[in-house]
Amino acid sequence: MNRLSPYIRVAWDSTIYPPVHIPERVLFDYELLYIKEGECEVIVDGIAYKGIPGDLFLFKPNQPHSIRTMNDRPLRQPHLHFDLYYQDDSPEVPISFKPYSRLNERERQWIRPNDLRDMTPPLPSHIRLNKPEAIEQLMMDIIFEFDSKFPYYETTAKGLFIQLWMHLLREIHWQRSPHLHSNREQLDRVKNYLSHHLHEEATLEELAGLANMSKYYLCRLFKKAYGITPIQYHLSVRLEKAKEMIRFTDLSLTRIAEELGFQSIHAFSRAFRTREGVSPSAYRKTS
């Protein structure tokens, strides 16, 4: 994922009116298809899924799939075609609407490698999002950029896509951990509290009360969800804010330490050096 450099081929917000049946086809690239309105049946690799609003489908390169509307309601389906990693021929590759048997030799050479094949566990083709709002908004923002074509829209869309992809991976991670899913609201509450209280120290006892769970259980769940403990997360966001203040303000290091709730300039410097490998003063000079 550190090498992620997506190329977004097309970004469409399309609506189809029943009855519609898109027969089996394979793609050269990846596609994310979001169900915003209506219902459909999607068959992927011979497995049928019902798509309802808030659902997301991920079609991989050369993966057979078909789509059929299910009732008389229009099917609104914002969708993106993309390469996960930019390739020299990325701008030249079109969208495929054919089954594999009807592709000519040149078209078969356009099929991208499935870079997700070795992920363990594999990413599913159908994702019923628990909180679709963020992913829906990011998809619509990407589509807006492609429609408006403001200066640097492709770079802006790429940044938005990386955010979307990380949201999707995190959503799947949470869904595969039922104990995280059942406590998601409490964990979000703690994370948001820490992100908005950079000016003071936080204690596990205080956060446990906010989440209404024991501090040991909170630590275990938070680390499972975000990879670090609540206190480590809080320190991380405070130090990120410190870097911003060091670079873009003339405040003294002592004042910055006070603004961010460190007990002393020495505690601030020690934490900063441990995380960044240099002292705050050295960081200011190089920045």
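For the structure itself, consult the block above.
Calculation criteria
Sequence order as written defines residue numbering, which begins from 1 separately in each chain. Local features are withheld for residues below a pLDDT of 70 in this predicted model, meaning they are given only at 70 or higher, and side-chain atom pairs are given and counted only at 80 or more; totals for whole chains, interfaces and linings count all residues. To get the side-chain values, all heavy atoms of the structure are used, and hydrogens and water are removed first. The way it works is a 1 Å grid over only the protein atoms, where trapped points that fit a 1.4 Å probe form a cavity and open points with protein on both sides within 12 Å along at least five of seven lines form a pocket, and then any residue with an atom within 4 Å of a point lines it. Grid points are joined across faces, edges and corners, and a volume is the space filled by probe spheres set on the points. Here a helix means four or more residues in a row that DSSP labels H or I, a strand means two or more in a row labelled E, and each is numbered from the N terminus. Strands pair, by our definition, only if DSSP identifies at least two bridges between them. For every element, the axis is a line fit to its C-alpha atoms; helices are fit only across the contacting stretch, and the angle between N-to-C directions ranges from 0 to 180 degrees. Buried Ala, Val, Leu, Ile, Met, Phe, Trp, Tyr and Cys residues that are joined via side-chain atoms within 4.5 Å together make up what is termed a nonpolar core. Only protein chains enter the area calculation, which uses a 1.4 Å probe; residues under 20% of their type maximum are buried, those over 50% are exposed, and those in between are partly exposed.

## Let's talk about the layout of surface pockets
Gaps left between atoms are located by rolling a probe of water-molecule size over the structure's atoms.
So, point 1. Reported here for the largest pocket is a volume of approximately 360 Å³.
So, point 2. As for the largest pocket, its lining consists of 15 residues, of which Ala134, His167, Arg170, Arg184 and Asp188 are closest to the centre.
So, point 3. Only α2 (132-148), α3 (153-175) and α5 (184-195) provide two or more residues apiece to the lining of the largest pocket.
So, point 4. When residues in the lining of the largest pocket are grouped by element, the largest group, six residues, is from α3.

## A look at the sheet that holds strand β7 (residues 65-69)
So, point 1. Spatially, β2-β7-β4-β5 is the arrangement adopted by the four strands of the open sheet, whose pairing is antiparallel. The open sheet terminates on both sides in strands that have one partner only, identified here as β2 (21-25) and β5 (47-51). Mean inter-strand twist for the sheet, computed between neighbouring axes without regard to direction, equals 15°.
So, point 2. The pairing of β2 with β7 spans three bridges and is antiparallel. Residue pairing in the sheet places Ile22 in a bridge with Ile67 of β7.

## Observations regarding the nonpolar core
So, point 1. Judged by nonpolar contacts, the single largest core of 31 residues is most densely connected at Leu32, Ile142 and Trp165.
So, point 2. Of all the secondary structure elements, the ones that give two or more residues to this core are β1 (7-16), β3 (30-34), β6 (55-59), β8 (75-83), α2 and α3.
So, point 3. The dominant element in this core, judged by the number of residues it contributes, is α3, at nine residues.
So, point 4. Ranked by size, the runner-up nonpolar core spans 16 residues in total, among them Val190, Leu218, Tyr226 and Tyr233.

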